[in-house]
Amino acid sequence: MPTTTPLRERPAWQELQRHHAEIVQTDLRTLFADDPGRGERLRARAAGLYLDYSKHLVTDETMRLLLRLAGECHLEEHRDAMFRGERINVSEDRPVLHVALRMPRDTSLTVDGVDVVRQVHEVLDRMAEFARSVRSGEWLGHTGKPVRNVVNIGIGGSDLGPVMAYEALRHYSWRDIAFRFVSNVDSTDLVEALGDLSAEETLFIVSSKTFGTLETLTNARSARDWLVGGLGSEDAVARHFVAVSTNAERVAEFGIDTANMFGFWDWVGGRYSMDSAIGLSTMIAIGPEQFHQMLAGFHDIDEHFRTAPLTENLPVLMGLLAIWYADFFGAQTVGVLPYEQYLHRFPAYLQQLTMESNGKRVTLGGDRVDYDTGPVYWGEPGTNGQHSFYQLLHQGTRLIPVDFIGFGRALNPLGDHHDLLTANVFAQAQALAFGRTEEDVRAEGTPPEVVPHRVMPGNRPSSVLLAEQLSPRVLGRLVALYEHNVFTQGAVWGIDSFDQWGVELGKVLATRIAPALTAADEPSLEHDSSTNALIHHYRTLKDSGQQREGP
Ligand SMILES: O=P(O)(O)OC[C@H]1O[C@](O)(CO)[C@@H](O)[C@@H]1O
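Residues numbered from 1 in each chain as written. Predicted model: local features only at pLDDT ≥ 70, side-chain atom pairs only at ≥ 80, totals over all residues. Heavy atoms only, no water.

This brings us to unusual backbone geometry. Note the cis peptide between Gly382 and Thr383, where omega equals 10°. One can find Thr383 in the loop between strand S11 (376-378) and helix H16 (390-395). The backbone phi angle of Asp93 is positive, close to 50°, even though this residue is not glycine. With a relative accessible area of 48%, Asp93 lands in the partly exposed category. One non-glycine residue, Asp112, lies in positive phi territory at about 50°. Mapped onto the elements, Asp112 comes out in the loop between strand S3 (110-111) and strand S4 (114-115). (Helix = DSSP H or I, 4+ residues; strand = E, 2+ residues; numbered from the N terminus. Buried < 20%, exposed > 50% of the residue type's maximum accessible area, 1.4 Å probe, protein only.)

Further remarks concern the nonpolar core. In this structure, Ile284, Phe346 and Leu475 are the most contacted members of the largest nonpolar core, which totals 130 residues. Those residues in contact with Phe346 that sit more than four places away from it in its chain are Met164, Val336, Ile405, Leu478, Val479 and Tyr482. By size, the runner-up hydrophobic cluster in this structure holds 25 residues, among which are Leu197, Leu217, Ala223 and Phe241. (Core = buried A, V, L, I, M, F, W, Y, C linked by side-chain atoms within 4.5 Å. Contact = heavy atoms within 4.5 Å.)

Those residues carrying the UniProt feature "active site" (unreviewed entry) are Glu356, His387 and Lys507 in this numbering. For the annotated residues, spread through 152 residues, the largest C-alpha to C-alpha distance comes to 37.4 Å, inconsistent with a single compact locus. From this annotated list, the subset lining the largest pocket comprises Glu356 and Lys507. Within the secondary structure, His387 sits in the loop between S11 and H16. Tracing the backbone shows Lys507 in helix H21 (residues 504-518). (UniProt positions renumbered as here; feature names shortened; annotations may be inferred. 1 Å grid on protein atoms, 1.4 Å probe; cavity = no way out; pocket = protein on both sides within 12 Å on 5 of 7 lines; lining within 4 Å.)

Take a look at the structure:
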């Protein structure tokens, strides 16, 4: 599918470069003053989401050129290839089919002779049956008690999706069960999570696509020791451990009965898996019906991405804007600022989705790119961030495009809190775009020496995304929106957004270094001089602690 013309040589790219030189001669104040209809025109809607992109450093001409670039990069053909189940993850030679995870039961998609939609719904049905039995108290632990605590053990995509979704949908969750999420191999994570739990009432979900991840297996082994220690029998594992994985062999090797395993497939990337069986904790928390609502939300945006004209296609517009700033303005980051406390882990979730996907430096054909790819995504919920890092957004030297996410209705209405919250969304977007001029500051009687400090340059870009109210369906829509935004960016950059080879080397090196840290006798070291010195110093610190802790 990829054509051979290098990205920077494409006509639209070159025109965008020329056009960029014009855009920086104007500013948002002028653009709005000259065009009263801008705020109503530069916006798009889909599946209950409203995207205002009028406060971006763009004109109609910019959008026309960006959309032309998408065409020249065959975005629609790439998209259709994904939906058809072609092996677009070239470096791993796999299809990319998270969109099949939310296709309705009465549809089908055949890949390599198998109807994957049927497979998906078989697993969803098993998950639903299990979730119902846990929620109803029918599923009993080894000593005959129902489950009161669910602990998901996983990392990366096997943790960030479940924890983000649990937090986002807490309002809809079954409060009789406590949920904990353990990811870090730092023992504090597990110890703190289990500290106040009773083994008799605790169910572990070991979530790992590969079932080979060091952190997850280490935590799962320690959790099993804790359980067996607490209940006094290895037999307890069968009623207290279930697994979510693509690797039945390793699940069995670990000692979990594969009858208690929920599968998925290698065509689901870890960071695209929260709506697969990896979402088992989410399903137990909110129930199968609400989980299906979340899937329907994902599907709403899949259909929009697949069928809407690019000019009105929300994820496409967002992806192209990210490219505009990354490659033509040299912006390094994108802030995501949800004004909804329940979405407080959404930026952390997006970090993996965006950066593990588009943190790539070679094209699909293996050539080194000569343009910037994936920006750094980061963020915090508003209004908290306003009292922390927004200063830099408003008056710092860097250009940082941001996405504000707001809602029409609060889940926990209280007085005028929600109107105040939303007023802050609009005010921040306004302040970033239009700032405060020197004349305005002087007119307020500001002492001349303070004037430069109080001027707000404005001309800082933002999107405002609005939805009715956070719900499972809306969460699905939001996540799918960013998934396809990431897809759009990757398709234009011509990179593989679905592999993650960059995380492998560190894993291999850690397993080489670990024996030197655990060895009883001073090891002979053959690493670089810095690593050798660090290992020596660590061993000294460890020994000095052991001596102090001695009898
Ligand atoms: O689900 P697994 O196989 O344990 O992998 C966990 C995470 O590790 C990664 O491979 C990166 O280290 C992610 O892509 C993945 O989500």
